[in-house]
Amino acid sequence: MTDLPLIPVRMLNEHVYCPRLAYLMWVQGEFQHNEFTVDGAIKHRRVDRPGGKLPEQPSQAADDETRIHARSVTLSSDELGLIAKMDLVEGEGAVVAPVDYKRGKRPHKAASGVYEPEQIQVCAQGLLLEEHGYSCPEGVVYFVASRERVRVPLDEELRTRTRNAMTELRRNAASGCIPAPLEDSPKCPRCSLAGICLPDEVRFLSRTPVQPRPIFAARDAAKPLYVQTQRAYVRKDGEVLVVEQEKEQVAKARLAEVSQVALFGSAALTTPALHECLRREIPVTWLSYGGWFIGHTVTVGRRNVETRTHQYRASFDDGRCLDLARRLVAGKIVNSRTLLRRNWRGTDDDASAPRELLTALREDMRHAGRAPSLAVLLGVEGAAANRYFQNFQNMLREASDDLGFDFSTRNRRPPKDPVNALLSFAYAMLTREWTMALSSVGLDPYRGFYHQPRFGRPALALDMMEPFRPLVADSVVLTVINNGEIRPEDFISAAGGCNLKDAGRKKFIQAFERRLQQEITHPIFKYRINYRQLFEVQSRLLVRWLGDEIPTYPVFMTR
Amino acid sequence: MERLYIVCYDVRDQRRWRKLYKAMHGYGEWLQLSVFQCRLDAVRKLRLEDAVSRIVKQDEDHVLIMDLGPAESVQVKVKSIGGSFEPVRNDAVVV
Ligand code: SF4
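Residues numbered from 1 in each chain as written. Chains lettered and ligands numbered in written order. Predicted model: local features only at pLDDT ≥ 70, side-chain atom pairs only at ≥ 80, totals over all residues. Heavy atoms only, no water.

### Here's the deal with the overall build of chain A
Step number 1: Within chain A, the regular secondary structure consists of 17 helices and 18 strands.
Step number 2: Overall, chain A is about 100 × 60 × 40 Å in size when its C-alpha atoms are taken along their principal axes.
Step number 3: Of all 559 residues assigned to chain A, the portion counted as buried reaches 54%.
Step number 4: Look at the contacts in chain A between residues 6 or more apart in sequence, and 63% of them connect residues 24 or more apart.
Step number 5: With the model as given, the accessible surface of chain A reaches about 25,500 Å², and the carbon-plus-sulfur share is 51%.
Step number 6: Within chain A, one finds 78 positive and 69 negative side-chain charges whose respective centroids are separated by 4 Å. (Helix = DSSP H or I, 4+ residues; strand = E, 2+ residues; numbered from the N terminus. Buried < 20%, exposed > 50% of the residue type's maximum accessible area, 1.4 Å probe, protein only. Contact = heavy atoms within 4.5 Å. Areas by Shrake-Rupley, 256 points an atom, 1.4 Å probe, with all protein chains shown as cover. Lys, Arg positive; Asp, Glu negative; His and termini not counted. Charge placed at Lys NZ, Arg CZ, Asp CG, Glu CD.)

Encoded structure:
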């Protein structure tokens, strides 16, 4: 036998449904629920209570008619290389049938009353039972919703198909090569892993002429809980996270609706609340008052080792590093240019952004796209950033008005004026958001391609957020200033630096959230999607590029 | 797609009532004595139904889950006397 682990019979079912799905789940350890899998799990739990026993050895007496009715039976065989947990085994004496429970109704489209994956699954269960000495002329699929039993004769032909499926699955797993997505299949919108697999996007980017269906964007996302008030205390009360301040409840969030918890400064979280977050895979991030990342508490981490292996391998390949870095920087320059063009506040007779500026930025973009080395690229990026920030003031409401926001140059560590303080905070928020997105898809946020790894710097997050600095961070800064949402009195100056006060920080986080929830039309895929979902899609596309499934990483650029 | 629901229940036994009341806080906002307002996607709706059916006794209690429509677009017309009513939201919480 090979040294591959035993195939869980359930995986055989997935493999027959879609080979890529089995690979994602079994080899890469990916999983995600959707309404169909949750419904299945609930229905299964009801039949999953162990009950009755399957005798170790079938009775030898030919006339033994002892009834067998055993629930939740686990059997394995090294000989077959299979393992299964069967919902029910029933029969008499030495003749038994595996019964598999399925949510839903009996499919009327399938000629035999049972789809292929389920046929293969019960057949594999039958093979296991026979391996243990029983005789299995047929299996049964029970449809919970329509309460129908459908018999599946385990004939030679089905047994052959089952064995072939096992060989194929083993071969796929050993190849280390993920199977291609199904072609425009009706299975995909129902597949719980569609958001990870990105079937249409991957095919589209591999030059297959399909228009991606908005499978991903159809999902509802849970929302973050940000706690930045001083001395706030988060505890768990049943199914709810309660935020208290001086023993008074100031907010609450239902755990089922929380996607992440971000704690600023001295905000505290009780151990039971933390355990519950870990149990539900809700990441918790710890930040300084200024929004800088201190740490990140997650469960043992994503199991998808292949993804990280691909990432590290590519990160040592200078050619790939340069290719990705050029695209990301060029994307940032294009997006900065677009922001300037759209938000320019000129005078009446000269309302639009100067042509020379836009041309110069377009040239910068070209240079970035062709930079012969990372060092040259860094220079081009610096020049473009200078050009951009020298003109940043032109996107703000006039400096002479009551707001008194003034911006001349970009400065940081510490930022010296309110606009720089907002920009720094916005970039910190964006870094955090990208770090979360990347680690949630199984990438290592600390190993980058453009930014070099330095202590504690999430280099990959910094790489990936480049094109989004103007679109998300700068754009929120412009909004809060130009709408007068944040005013000079929201800042405090001390020790040569300028910082947001609590109330101002809260308003800024709310504005930032609004931006992440904002829907845009994806320029390549043409469907509507919000920025937060987009970060996940882009992270997953990076995974696909690193795994050589798509020829280039598509940088997000607005027109 | 999230939808808006009103969940109301008649539960005979005090202990089961408390248990259900506590569990319901994980799914929506408490409105009145045995009435909650919930905004749920398909997965949370399934989980709610499952939680409810595990707590109540089907031959003694009665739970109604009323679907008001898609949360983003439905216009709930409510006349509220002696108190206030706000449709439940699912936004990021910032404190
Ligand atoms: S989305 Fe489609 S191609 Fe991808 S794993 Fe699921 S069924 Fe297979």
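### Considering the sheet that holds strand β4 (residues 62-70) of chain B
All names here are of chain B.
Step number 1: Taken in spatial order, the four strands of this open sheet run β2-β3-β1-β4, and their pairing is antiparallel. The outermost strands of the open sheet, each flanked by one partner alone, are β2 (28-32) and β4. Strand-to-strand twist in this sheet, taken as the mean axis angle between neighbours without regard to direction, amounts to 25°.
Step number 2: Against the sheet, helix α1 (residues 14-24) contacts β1 (3-10), β2, β3 (35-40) and β4, and its axis sits at roughly 170° relative to β1.
Step number 3: Across the sheet, helix α2 (residues 42-55) is in contact with β1, β3 and β4; its angle to β3 comes to roughly 145°. (Pairing = 2+ DSSP bridges. Axes fitted to C-alpha atoms, helices over the stretch in contact; angles between N-to-C directions.)

### Examining the packing of aromatic side chains
All names here are of chain A.
Step number 1: Tallied over the full model, the rule gives 19 aromatic pairs over all chains.
Step number 2: Grouping aromatic residues by their ring pairs yields a cluster made of W434, F468, Y531, F535 and F556.
Step number 3: A cation over a ring is seen here: R190 above F36, with NZ or CZ 4.2 Å from the ring centre. (Phe/Tyr/Trp six-rings, centres within 6.5 Å; stacked < 30°, edge-to-face > 60°. Lys NZ or Arg CZ within 6 Å of the ring centre and 35° of its normal.)

### What about unusual backbone geometry?
All names here are of chain A.
Step number 1: In this structure, D184 takes a positive phi of about 40° despite not being glycine.
Step number 2: Mapped onto the elements of the fold, D184 is located in the loop between α5 (156-175) and α6 (194-197).
Step number 3: Accessibility expressed as a relative area gives 49% for D184, which makes it partly exposed.
Step number 4: Notably, L198 is not glycine yet its phi reads approximately 50°, a positive angle.
Step number 5: As for its position among the elements, L198 is in the loop between α6 and α7 (199-205).

### Re the interface of chain B and chain A
Step number 1: Counting residues at the interface gives 27 residues for chain B, matched by 34 residues for chain A.
Step number 2: Roughly 2,400 Å² is buried in total at the junction of chain B and chain A, and carbon and sulfur atoms are behind 54% of that figure.
Step number 3: On the chain B side of the contact with chain A, V93, V94 and V95 of chain B bury the most area, a combined 30% of that side's loss.
Step number 4: The tally of links from chain B across to chain A stands at five salt bridges.
Step number 5: R45 of chain A is paired through a salt bridge with D50 of chain B; the nearest N and O atoms lie 2.9 Å apart.
Step number 6: Linking chain B with chain A are nine residue pairs in polar contact (both at pLDDT 80 or more).
Step number 7: Element by element, the count of residues in the side of chain B that touches chain A is highest for α2 of chain B, at eight residues.
Step number 8: Residue composition of the side of chain B that touches chain A, by class: eleven nonpolar, five polar and eleven charged.
Step number 9: Summarising the sheet, strand β7 (residues 223-227) of chain A and strand β5 (residues 93-94) of chain B pair through two bridges and their orientation is parallel. Bridge pairing in β5 of chain B places Y226 of chain A opposite V94 of chain B. (Buried area = accessible area lost by both parts, 1.4 Å probe. Salt bridge = Lys/Arg side-chain N within 4 Å of Asp/Glu carboxyl O. Polar contact = N/O pair within 3.5 Å; in protein donor to acceptor, adjacent residues only side chain to side chain. Nonpolar A, V, L, I, M, F, W, Y, C, P; charged D, E, K, R; others polar.)

### Looking at helix α16 (residues 502-517) of chain A
A turn of α-helix holds 3.6 residues, and therefore any two residues three or four places apart point the same way.
Step number 1: Look at α16 of chain A: 23 Å from first C-alpha to last across 16 residues, which is about the 22 Å you get at 1.5 Å a residue.
Step number 2: Turning to α16 of chain A, its buried residues are G504, R505, F508, I509, A511, F512, E513, R515 and L516 of chain A. (Expected span 1.5 Å × (residues − 1).)

### Re the confidence of the model for chain B
All names here are of chain B.
Step number 1: Residues with a pLDDT of 70 or more make up 100% of chain B, whose mean pLDDT is 89.
Step number 2: Taken element by element, chain B is modelled with least confidence in β5, mean pLDDT 87, and with most confidence in α1, mean pLDDT 93.
Step number 3: Reported confidences for the modelled complex are a pTM of 0.85 and an ipTM of 0.84. (pLDDT = per-residue confidence, 0-100.)

### A few points about helix α13 (residues 418-440) of chain A
Residues and elements named next belong to chain A.
Step number 1: With 23 residues, α13 extends 33 Å from end C-alpha to end C-alpha; this agrees with the ideal 33 Å at 1.5 Å per step.
Step number 2: Across the 23 residues that make up α13, a large majority, 21, are buried.
Step number 3: Structurally, the start of α13 carries an N-cap: the backbone nitrogen of V419 is 3.2 Å from a side-chain oxygen of D417.
Step number 4: In the segment just after α13, G442 is the residue with positive phi, at about 100°.

### Some remarks on the nonpolar core
The nonpolar side chains of a soluble globular protein tend to be buried with one another.
All names here are of chain A.
Step number 1: F392, F468, F508 and Y531 are the most contacted members of the largest nonpolar core, which has 91 residues in total.
Step number 2: With twelve residues, the top contributor of residues to this core is α13.
Step number 3: With residues near it in sequence (within four places) discarded, F468 still touches L430, W434, A473, Y531, L534, F535, Q538 and F556. (Core = buried A, V, L, I, M, F, W, Y, C linked by side-chain atoms within 4.5 Å.)

### What to know about the packing of α13 of chain A against α16 of chain A
Residue and element names in this part refer to chain A.
Step number 1: Running from amino to carboxyl end, α13 crosses α16 at an angle of 50°, the nearest separation of the two axes being 11 Å. Accordingly, the angle class assigned to the pair α13 and α16 is oblique. Every pair of crossing elements has a handedness; the one defined by α13 and α16 is right-handed. Of the residues in α16, those in contact with L422, F425, A426, M429, L430 and E433 of α13 are R505, F508, I509, F512 and L516.
Step number 2: Taken together, the residues of the contact of α13 with α16 sort by class into nine nonpolar, no polar and two charged. (Parallel < 35°, antiparallel > 145°, perpendicular 65-115°, else oblique. Left-handed = near helix turned anticlockwise from the far one by under 90°.)

### Overview of the sheet that holds strand β9 (residues 240-245) of chain A
Strand pairing within a sheet occurs via backbone hydrogen bonds; the two strands may be parallel or antiparallel.
Residues and elements named next belong to chain A.
Step number 1: Spatially, the four strands line up as an open sheet ordered β10-β9-β8-β12, and their pairing is mixed. The sheet terminates laterally at β10 (248-254) and β12 (268-269), the two strands that pair on one side only.
Step number 2: Bridging between β9 and β10 involves six bridges; their strand directions are antiparallel. In the sheet register, V243 faces β10, and the bridge partner there is A251.
Step number 3: Contacts from helix α8 (residues 271-279) reach β8 (232-237), β9 and β12, with the element oriented near 65° to β8.

### Structural notes on a nonpolar patch on the surface
Residue and element names in this part refer to chain B.
Step number 1: Together, L64, M66, L68, V76 and V78 line one region of the surface with nonpolar side chains, adding up to about 350 Å² of accessible area.
Step number 2: By the element assignment, L68 lies in strand β4.
Step number 3: What makes L68 partly exposed here is its relative accessible area of 32%. (Patch = residues over 30% accessible without salt bridge, like charges linked within 9 Å, V, L, I, M, F, W, Y side chains within 5 Å.)

### Topic: the pairing of strand β13 (residues 284-287) of chain A
All names here are of chain A.
Step number 1: Where strand β11 (residues 258-264) lies against β13, four bridges are found, and the strand directions are parallel. In the strand pairing of β13, V261 is matched with V284.
Step number 2: Examined bridge by bridge, β13 and strand β14 (residues 293-297) share four bridges and lie antiparallel to one another. Residue pairing in the sheet places L287 in a bridge with F293 of β14.
Step number 3: Counted along the chain from β13 to the antiparallel partner β14, the turn is five residues long, and its residue G291 has a positive phi close to 90°.

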